[in-house]
Amino acid sequence: MKWDWNAVSDFMPQFWQGLLVTLEAVALGSLLSFTLGLVWTLLMRTPSRWVRWPVGVVTEFVRNTPLLVQLFFLFYVLPEWGLTFSALATGVFAIGLHYSTYTMQVYRAGIEAVPVGQWEAATALNLPRRRTWTAVILPQAIRRVIPALGNYVISMLKDTPMLMVITVLDMLGRARLFSQQHFQFTEPLTVIGVAFIVISYLASLLLRALERRLVR
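Conventions and cut-offs
- Residues numbered from 1 in each chain as written.
- Predicted model: local features only at pLDDT ≥ 70, side-chain atom pairs only at ≥ 80, totals over all residues.
- Heavy atoms only, no water.
- Phe/Tyr/Trp six-rings, centres within 6.5 Å; stacked < 30°, edge-to-face > 60°.
- Helix = DSSP H or I, 4+ residues; strand = E, 2+ residues; numbered from the N terminus.
- Contact = heavy atoms within 4.5 Å.
- Polar contact = N/O pair within 3.5 Å; in protein donor to acceptor, adjacent residues only side chain to side chain.
- Expected span 1.5 Å × (residues − 1).
- Bend = angle between axes of the 7 residues up to and from the residue.

Draft legend 1. Highlighting the packing of aromatic side chains. For the coordinates displayed, the defined rule picks out nine aromatic pairs. A centroid spacing of 5.1 Å and a plane angle of 65° characterise the contact between Phe-15 and Trp-16, whose relative ring orientation is edge-to-face. Ring geometry for Phe-73 and Trp-81: centres 5.8 Å apart, planes at 80°, overall edge-to-face. Joined through ring pairs, the aromatic side chains of Phe-11, Phe-15, Trp-16 and Phe-178 make up one cluster.

Next comes the structure, spelled out in structure tokens:
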């Protein structure tokens with residue numbers, strides 16, 4: 001086996017296209033998972049069991065089924081019911097929904113870590129419930145869980161190659177397409193492997209710096 005730098009050079013234009021799709025999927029999926037996770041958390045803390053029960057069933061079902069199965073279901077089954085979305089939109093929704101059931105637990109832990117005295121102080125000040133959440137509880141809780149949420153962003157990055165099964169041409173999809181066209185597998189797969197390592201490492205450094213700043 002001989003390493004071919006020309007193959008690397010030929011692959012780079014497709015690599016950059018795939019990288020943009022990967023980063024777009026991670027960014028949008030993260031935003032969706034963080035938002036939905038917070039919604040699930042707040043709904044699970046409502047007094048009504050008629051709200052908590054269906055939310056608990058849905059989130060447990062999503063968390064305990066493989067992401068790959070969810071991707072196939074959303075992309076191939078929903079169109080039979082008249083719901084058709086682009087491959088990328090389906091992938092972003094699947095990743096965001098799947099990881100929202102994990103970020104929900106992160107938010108829950110952050111809220112429970114807020115000292116009881118903060119709740120008591122809000123009650124003593126006669127703050128409305130909504131004001132208590134938005135001005136007292138959530139700012140403290142979210143600040144505590146940002147590093148943990150960042151770890152899930154890295155996990156989402158590593159799961160984006162699954163989107164290839166629903167025809168999304170992310171980095172792996174582009175590498176697979178290039179390999180099939182040119183019968184060269186080592187170079188493109190090595191390039192995306194290094195790219196995942198570099199991006200994950202840079203994200204880890206950013207998370208550590210953010211965590212140190214938040215601890216101060």
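Structure shown, so let's carry the discussion forward.
Draft legend 2. Quick look at the environment of Ser-30. Residue position: Ser-30 is located in helix H1 (residues 5-44). Between the C-alpha atoms of Ser-30 and Phe-178, which are 148 residues apart in sequence, the distance is 28 Å. Those residues in contact with Ser-30, other than ones at most four positions away along the chain, are Val-153 and Met-156. At 2.6 Å, the side chain of Ser-30 and the backbone oxygen of Val-26 are in polar contact.

Draft legend 3. Up close: H1. The end-to-end C-alpha distance of H1 is 54 Å, a good match for the 58 Å that 40 residues give at a rise of 1.5 Å each. Of all the bends in H1, the largest measures some 40° and sits at Met-12, one to four residues before the proline Pro-13.

By themselves, these are just geometric observations and shouldn't be taken as functional.
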